[in-house]
Amino acid sequence: MIRIRMDPSRRNGVEDQIMAHLEEIPRTPEAPRVTVRRHLSIANDLMVVLQWPAAPETAGSSLAYSLCREFEAYGLVDHTIWSTDCLSGRLET
């Protein structure tokens, strides 16, 4: 997950630029599924979720780090790596 807290004074047009970066991600079977979410109470917060078909590397992907570097031009960036491996089996019955 990549969270971007955009500078409110520069917000206009930034979302389009972020989406343009995401549209450049190749559409291959190995590529992640990309979803974008907006924070409901903080209008200048976006979250980009890269969901990989296989378990992610513990250190993260080069794609995520590249996007983080690009997104730093738009505001504060936070990158975290999550996995469903340890809990997904517990919810299935």
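Look up a bit, the structure's there.
Concerning the sheet that holds strand β2 (residues 33–38)
Backbone hydrogen bonds are what pair the strands of a sheet, in a parallel or an antiparallel way. Read across the sheet, four strands follow the order β2-β3-β1-β4 without closing on themselves; strand pairing throughout is antiparallel. Across the chains shown, the open sheet's two edge strands, defined by having one partner strand only, are β2 and β4 (75–79). Looking at each pair of strands side by side, their axes are set apart by 15° on average, direction ignored. With six bridges connecting them, β2 and strand β3 (residues 45–51) associate as antiparallel partners. Following the sheet pairing, R33 is matched in β3 by Q51. The strands touched by helix α2 (residues 62–71) are β1 (2–6), β3 and β4; relative to β4, the strand with the most contacts, the crossing angle is about 165°.

Let's talk about α2
For α2, the set of buried residues is A64, L67, C68 and F71. All buried residues of α2 fall inside an arc of 105° around its axis, so they share one side. Seen from the buried face of α2, the exposed residues on the opposite side, beyond 90 degrees, are S62 and R69. Elements that come into contact with the buried residues of α2 comprise β1, α1 (14–23), β3 and β4.

Thoughts on the nonpolar core
For soluble globular proteins, the rule of thumb is that nonpolar side chains tend to be buried together. Ranked by internal contacts, the top residues of the largest apolar core, which has 15 residues, are I2, I18 and F71. Within the residue set of this core, elements represented by two or more residues are β1, α1, β3 and α2. Setting aside its immediate chain neighbours within four residues, F71 contacts I2, I4, I18, H21, L22, V48 and V77.

About the criteria used
Residues numbered from 1 in each chain as written. Predicted model: local features only at pLDDT ≥ 70, side-chain atom pairs only at ≥ 80, totals over all residues. Heavy atoms only, no water. Pairing = 2+ DSSP bridges. Helix = DSSP H or I, 4+ residues; strand = E, 2+ residues; numbered from the N terminus. Axes fitted to C-alpha atoms, helices over the stretch in contact; angles between N-to-C directions. Contact = heavy atoms within 4.5 Å. Buried < 20%, exposed > 50% of the residue type's maximum accessible area, 1.4 Å probe, protein only. Arc of directions from axis to C-beta. Core = buried A, V, L, I, M, F, W, Y, C linked by side-chain atoms within 4.5 Å.

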